Amino acid sequence: MTEPDTPFEALLTYLKESRGFDFTGYKRASLTRRVARRMAEVGISDHADYLDYLQVHPNEFVALFNTILINVTGFFRDPEAWDALATQVLPGILARRETDAPIRMWSAGCASGEEAYSLAITAAEAMGVERFRRRVKIYATDVDEDALTKARHAVYDERDLRGLPPELQSRYFEPSLGGYAFRKDLRRSVIFGRNDLVQDAPISRLDLIACRNTLMYFNAEAQARILSRFHFALNDGGVLFLGRAEMLLSHGDLFTPIDLKRRLFRKAAPGHAVERDVVAAAVDPPSDIPVGGLDRLRNEAFLASPVAQVVLTSDGLVALANREAERLFDVSAKDVGRPFQDLRLSYRPAELRHLVDQAQLERRTREVRGVSYQAGPGQVTYLDIQVTPLVAGDFGLVGMTLVFMDVTGAHRLRDELERANRRLETAYEELQSTNEELETTNEELQSTVEELETTNEELQSTNEELETMNEELQSTNDELQTINDELRERTAELDRANAFLEAVLTSLRAGVAVLNSDLRVRVWNSRAEDLWGVRRDEAVGEHFLNLDIGLPADRLRPMIRDVLSGAANLRELTLNAVNRRGRTIEVRVVATPLSRGEEPLGVLLAMETAGFETPAPAPPTDGRDRRDQAGLSRDAQP
């Protein structure tokens, strides 16, 4: 046997005393490995040094617990075991219970809730959704608060649902922001809370406990303690559902196997009676006090208490109610034995049903403060409500007590104090505001004086700027006048150049047409007008080959293309054409490039009559014009 690691045991003792987590029952091999993993992440190798680190850095507890409590879970892990639960166990539980009798289940070590919701789905499939909502209550517990928070939200992504059959997913989950949410109407039957299996008392009167792959993390002593509590918590014939890696070979006196392969066990009857006797012995009164007198004393003390109290059994039935509770809430002897949830008190003056479930699950007092309750016309009472679980020894819940403390006087006094405090605060704020206003007014006056002085200086500066701008405007006006004179001179020169060019073009005997690179007419002289009968304003801007003149366009296109492409500096062509009088003439056309340097800008065409002129032929009988006779097209393109 190896000696225990004293610093490591000291670390576990510190975790138990400072944070209430008792890991001393966990198997040392896996526990040491997980703690060492976290120590490596913060760069510490010695347990004593890590204990000092925890004392200095309180936030380290969360990271350590998340490392130790590895929440590996999923929907319907080990499907064969869940099928056996549905086919071999649940029908027997339903058959043993009376019609409409409540069925209670516990998912111990539920992690992020997948196992608890798998249990809910299995039960709903076995008995129907309506009966499930009416009869089943599932308690789901864990020691990891972060995991419980996720479980309460009941929202899972596609990766979480990969083990769930598609038909079950469509029936029990609804699309939600960020994933899929478990049905709200069934979610109310699943109650989550914190419970340490080693330290806290178990939930009692259960038909089924699912504790899968959780016991494996505890040592033999802790496992025996937990299994003993599970045995006590189960009803006669109740079922324990364990994980694949867990066995009960040494606990045959507590549980007998239903299906050993699927880890399904039934509670053994003898142990149940023994532990019930232990509980009964724990609550029996001392033998030297008369039982009848003691019971009467307790009863009278309870009834006469000035604080309203109602006591419930562990099954949620009304067991006792004192006189003050009868006066306030009209709870009488006829209500004893009724389910608490059927009383108006369960939801008025506050919603207490969920509070009772939480207190029962977490084994700690839950309270609501300052609840207003109208006991009669114009009679408003303020109550502090405490729900406290009644636990017998270390074994289980025997009941619940609801205490309603009248804090109306304190509440009214607090309201008066708050109103007086508000009045004082208002007066102080008004005084403070007045003082601030006076200071602000003084500052504003001082500021106004400074602004006036600044404004005067700005006006002087503005006046100087205006004088400077006036001088600049005068100078600019002179420059504009000079530019205007230059523009007049350039305009006159341009007019003279245009007139000279016009005179040159007019003096030429040949018709002249200047085309740009797109073959659109830029210049059309008077000789061209006389030759072809097309005015200058009709020709300029038009495509040359689309003009309605007597030149054959097809024969001119190659010549113009050669000149534009630079293949020739001069092209000359003599051809027959029809002039504006309709006479056939011989025309000599000379094409030269119009360029600036090596860049072609267009073509200059000189058109001159070169020979004969014949009379116009008779008009065609079919109405075709002279363009048709010459075989020309109005839509010719180069």
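Source: prediction; values computed, not measured.

## A short note on the overall build of the protein chain
Right, so step 1: For the protein chain, the count of helices and strands is 20 helices and 20 strands.
Right, so step 2: With 638 residues in all, the protein chain has 39% of them scored as buried.
Right, so step 3: For the protein chain, restricting intrachain contacts to residue pairs at least 6 apart in sequence, the fraction spanning at least 24 positions comes to 60%.
Right, so step 4: Here the protein chain displays about 35500 Å² of accessible surface, and carbon together with sulfur accounts for 51% of that area.

## Digging into helix H2 (residues 28-42)
Right, so step 1: When the terminal C-alpha atoms of H2 are compared, their 21 Å separation across 15 residues agrees well with the 21 Å that a helix rising 1.5 Å per residue should span.
Right, so step 2: Within H2, burial applies to Ser30, Leu31, Arg34, Val35, Arg38 and Met39.
Right, so step 3: Taken from the residues just after H2, Gly43 is the one with a positive phi, measuring 80°.

## Focus: helix H6 (residues 114-127)
Right, so step 1: Between its first and last C-alpha atoms H6 spans 20 Å; for 14 residues at 1.5 Å apiece the expected length is 20 Å, and the two agree.
Right, so step 2: Taken across its 14 residues, H6 has 12 buried, putting it largely inside the fold.
Right, so step 3: Among the residues making up H6, those that are buried are Glu114, Glu115, Ala116, Tyr117, Ser118, Leu119, Ala120, Ile121, Thr122, Ala123, Ala124 and Met127.
Right, so step 4: In the segment just after H6, Gly128 is the residue with positive phi, at about 90°.

## Points about the pairing of strand S8 (residues 234-242)
Right, so step 1: Of all 9 residues in S8, 8 are buried, a share of seventy percent or more.
Right, so step 2: In this structure, strand S7 (residues 206-211) lies alongside S8, joined through 5 bridges in parallel fashion. Directly across from Ala210, in S8, lies its bridge partner Phe241.
Right, so step 3: Taken together, the 3 bridges between S8 and strand S10 (residues 264-267) define a ladder with antiparallel strand orientation. Counterpart to Leu240 in the pairing with S10 is Phe265.

## Quick look at the pairing of strand S9 (residues 255-259)
Right, so step 1: In this structure, S9 lies alongside S10, joined through 4 bridges in antiparallel fashion. Pairing of Pro257 across the sheet is with Phe265, part of S10.

## Some points on the confidence of the model for the protein chain
Right, so step 1: Summing up the model confidence of the protein chain, the mean pLDDT is 81 and the portion of residues at 70 or higher is 87%.
Right, so step 2: Confidence drops under pLDDT 50 across residues 271-289; counting only partners more than four residues distant or on other chains, this segment forms 19 contacts.
Right, so step 3: Considering only residues more than four positions removed or in separate chains, one finds that residues 621-638, a stretch of pLDDT under 50, has 37 contacts.

## Considerations on the sheet that holds strand S1 (residues 103-108)
Right, so step 1: Across the sheet, 7 strands lie side by side as S6-S2-S1-S7-S8-S10-S9; this open sheet has mixed pairing. Where the open sheet ends on each side, the last strands, each with one partner, are strand S6 (190-194) and S9. Direction aside, neighbouring strands of the sheet carry axes that sit 25° apart on average.
Right, so step 2: Together, S1, S7, S8, S9 and S10 form the strand contacts of helix H11 (residues 220-233), whose direction differs from that of S8 by roughly 135°.
Right, so step 3: Seen against the sheet, helix H15 (residues 353-362) touches S1, strand S2 (136-142) and S6 and runs at an angle of roughly 50° to S6.

## Some details on the pattern of salt bridges
Right, so step 1: All told, the structure shown has 28 salt bridges when counted by the stated rule.
Right, so step 2: Notably, a salt bridge pairs Glu41 with Arg38, separated by 2.4 Å at the nearest N-O pair. Here the residue Glu41 and the residue Arg38 both occupy positions in helix H2, the gap between them amounting to 3 residues, near one helical turn.
Right, so step 3: Using a relative accessible area of 52% as the deciding quantity, one classes Glu41 as exposed.
Right, so step 4: Notably, a salt bridge pairs Arg488 with Asp485, separated by 2.7 Å at the nearest N-O pair. Note that Arg488 and Asp485 are positioned in helix H16 (residues 408-507) at a spacing of 3 residues, about one turn of the helix.
Right, so step 5: Accessibility expressed as a relative area gives 32% for Asp485, which makes it partly exposed.
Right, so step 6: Look at the salt bridges and you will find they share partners, linking Glu130, Arg133, Arg183 and Asp185 into a network.

## Looking at a nonpolar patch on the surface
Right, so step 1: Residues Leu480, Ile483 and Leu487 make up a contiguous nonpolar surface patch of roughly 280 Å² in combined accessible area.
Right, so step 2: Residue position: Leu480 is located in helix H16.

## Re the layout of surface pockets
Right, so step 1: When its volume is computed, the largest pocket comes out at roughly 1100 Å³.
Right, so step 2: Considering the residues around the largest pocket, the lining is formed by 37 residues, among which Pro102, Lys137, Asp315, Gln341 and Asp357 are closest to the centre.
Right, so step 3: Counting residues per element, the lining of the largest pocket draws most heavily on H15, which supplies 5 residues.
Right, so step 4: Partitioned by chemical class, the residues of the lining of the largest pocket number 12 nonpolar, 8 polar and 17 charged.

## Focus on the packing of aromatic side chains
Right, so step 1: Applying the stated rule across the entire model yields 12 aromatic pairs.
Right, so step 2: An angle of 50° between the planes, with centres 5.2 Å apart, marks the rings of Phe329 and Tyr373 as tilted. Placement of Phe329 in helix H14 (residues 323-329) and of Tyr373 in strand S13 (residues 366-376) is noted, with a sequence separation of 44 residues between them. A single burial state applies to Phe329 and to Tyr373, both of which are buried.
Right, so step 3: Plain terms: the ring middles of Phe329 and Phe404 are 4.7 Å apart, the flat faces sit at 55° to each other, and that makes the pair tilted. Separated by 75 residues along the polypeptide, Phe329 in helix H14 and Phe404 in strand S15 (residues 396-406) bring together distant segments of the chain. Across the pair, exposure class does not vary: Phe329 and Phe404 are buried alike.
Right, so step 4: The structure contains a cluster of three or more aromatic residues connected by ring pairs, namely Phe75, Tyr117, Tyr156, Phe173, Phe182 and Phe192.

Definitions and cut-offs
- Residues numbered from 1 in each chain as written.
- Predicted model: local features only at pLDDT ≥ 70, side-chain atom pairs only at ≥ 80, totals over all residues.
- Heavy atoms only, no water.
- Helix = DSSP H or I, 4+ residues; strand = E, 2+ residues; numbered from the N terminus.
- Buried < 20%, exposed > 50% of the residue type's maximum accessible area, 1.4 Å probe, protein only.
- Contact = heavy atoms within 4.5 Å.
- Areas by Shrake-Rupley, 256 points an atom, 1.4 Å probe, with all protein chains shown as cover.
- Expected span 1.5 Å × (residues − 1).
- Pairing = 2+ DSSP bridges.
- pLDDT = per-residue confidence, 0-100.
- Axes fitted to C-alpha atoms, helices over the stretch in contact; angles between N-to-C directions.
- Salt bridge = Lys/Arg side-chain N within 4 Å of Asp/Glu carboxyl O.
- Patch = residues over 30% accessible without salt bridge, like charges linked within 9 Å, V, L, I, M, F, W, Y side chains within 5 Å.
- 1 Å grid on protein atoms, 1.4 Å probe; cavity = no way out; pocket = protein on both sides within 12 Å on 5 of 7 lines; lining within 4 Å.
- Points joined across faces, edges and corners; volume = space filled by probe spheres on them.
- Nonpolar A, V, L, I, M, F, W, Y, C, P; charged D, E, K, R; others polar.
- Phe/Tyr/Trp six-rings, centres within 6.5 Å; stacked < 30°, edge-to-face > 60°.

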